[in-house]
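Listed below, chain by chain, are the residues.
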There are 2 protein chains.
Amino acid sequence: MEKTTLQVSGMTCGHCENAVKNAIMGVDGVASVMVSLSEGTAEVEYDASKAEISKMKAAVEEQGYDVE
Amino acid sequence: MEKTTLQVSGMTCGHCENAVKNAIMGVDGVASVMVSLSEGTAEVEYDASKAEISKMKAAVEEQGYDVE
């Protein structure tokens, strides 16, 4: 398992936290996601042989948030 | 049909708009709801013989927003 932290901007409430969490969880190979609204971060644990960070970022952007 | 406008504070994003809309729509006798995030309002059309404004307010408060 690998770990990465994405910087997510634009989250304003708990609904946003859930939207970001669910978006990343929907990427194949992602094992766990911890989203912090106050820090603007998503800590992701994933199987690097399946999941690509670019797909996590695309999933978050699709929900309307900026991500680095 | 009666109409009323509730003042809802605490909405920060489109998810919040939907949460408030769905909460009010869940009250028996409510026919339509228009929520404005920017104005902090919910315009409700309802059958006064079935729906009570107090129930609409309670449903919104249950979602974590203040309402007048």
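Everything numeric here is computed off the predicted structure, so don't read it as measured data.

All names here are of chain A. Spatially, 2-3-1-4 is the arrangement adopted by the four strands of the open sheet, whose pairing is antiparallel. Across the chains shown, the open sheet's two edge strands, defined by having one partner strand only, are strand 2 (30–36) and strand 4 (66–67). Set on the sheet, helix 1 (residues 14–25) makes contact with strand 1 (2–9), strand 2 and strand 3 (41–46); between it and strand 2 the angle comes to about 160°.

Next up on the list: the environment of A:Gly14. In this structure, A:Gly14 sits in helix 1. Residues A:Gly14 and A:Thr41, 27 residues apart in the sequence, show an inter-C-alpha distance of 13 Å.

Next up on the list: the packing of helix 1 of chain A against helix 2 (residues 53–62) of chain A. Residue and element names in this part refer to chain A. Viewed as axis vectors pointing N to C, helix 1 and helix 2 meet at an angle of 140°, and their least axial separation amounts to 8 Å. Where helix 1 crosses over helix 2, the two elements pack in a sense that is right-handed. Between helix 1 and helix 2, the contacting residues are Val-20, Ala-23 and Ile-24 on the first element and Met-56, Ala-59 and Val-60 on the second. Looking at the contact of helix 1 with helix 2 residue by residue, the classes come out as six nonpolar, no polar and no charged.

On to the UniProt feature "domain: HMA" (unreviewed entry) in chain A. Here the UniProt-annotated "domain: HMA" (unreviewed entry) positions come out as residues 2–68 of chain A. Counted over residues 2–68 of chain A, helix gives 33% and strand 34%. Its end C-alpha atoms are 17 Å apart.

Looking now at the state of the cysteines. Per the stated rule, a full pass over the model turns up zero disulfides over all chains. Of the cysteine sulfurs around A:Cys16, a residue in no disulfide, the closest is that of B:Cys13, at 3.6 Å.

Residue and element names in this part refer to chain B. Secondary-structure assignment places Thr-4 in strand 1 (residues 2–9). Here Thr-4 falls in the buried class, since its relative accessible area comes to 17%. Excluding residues that lie within four positions of it along the chain, Thr-4 makes contacts with Ala-42, Glu-43, Val-44, Tyr-46, Ile-53 and Met-56.

So, about the relation of the copies chain A and chain B. With an axial shift of 0.0 Å and an RMSD of 0.0 Å, the rotation relating chain A to chain B amounts to 180°. When the rotation and shift are considered jointly, the pair of chain copies conforms to a two-fold rotation axis. Comparing contact sets, 100% of the residues at the interface of chain A also lie at the interface in chain B, consistent with an isologous, same-surface contact.

Quick look at the pairing of strand 1 of chain B now. Residue and element names in this part refer to chain B. Alignment of strand 1 against strand 3 (residues 41–46), held across six bridges, turns out to be antiparallel. What sits directly across from Thr-4, in strand 3, is Val-44. Pairing analysis gives two bridges linking strand 1 to strand 4 (residues 66–67), with the strands arranged antiparallel. Across the sheet, the residue bridging to Val-8 is Val-67, located in strand 4.

Scoring rules and cut-offs
Residues numbered from 1 in each chain as written. Chains lettered and ligands numbered in written order. Predicted model: local features only at pLDDT ≥ 70, side-chain atom pairs only at ≥ 80, totals over all residues. Heavy atoms only, no water. Pairing = 2+ DSSP bridges. Helix = DSSP H or I, 4+ residues; strand = E, 2+ residues; numbered from the N terminus. Contact = heavy atoms within 4.5 Å. Axes fitted to C-alpha atoms, helices over the stretch in contact; angles between N-to-C directions. Left-handed = near helix turned anticlockwise from the far one by under 90°. Nonpolar A, V, L, I, M, F, W, Y, C, P; charged D, E, K, R; others polar. UniProt positions renumbered as here; feature names shortened; annotations may be inferred. Disulfide = S-S within 2.5 Å. Buried < 20%, exposed > 50% of the residue type's maximum accessible area, 1.4 Å probe, protein only. Least-squares fit on C-alpha atoms with pLDDT ≥ 70 in both.

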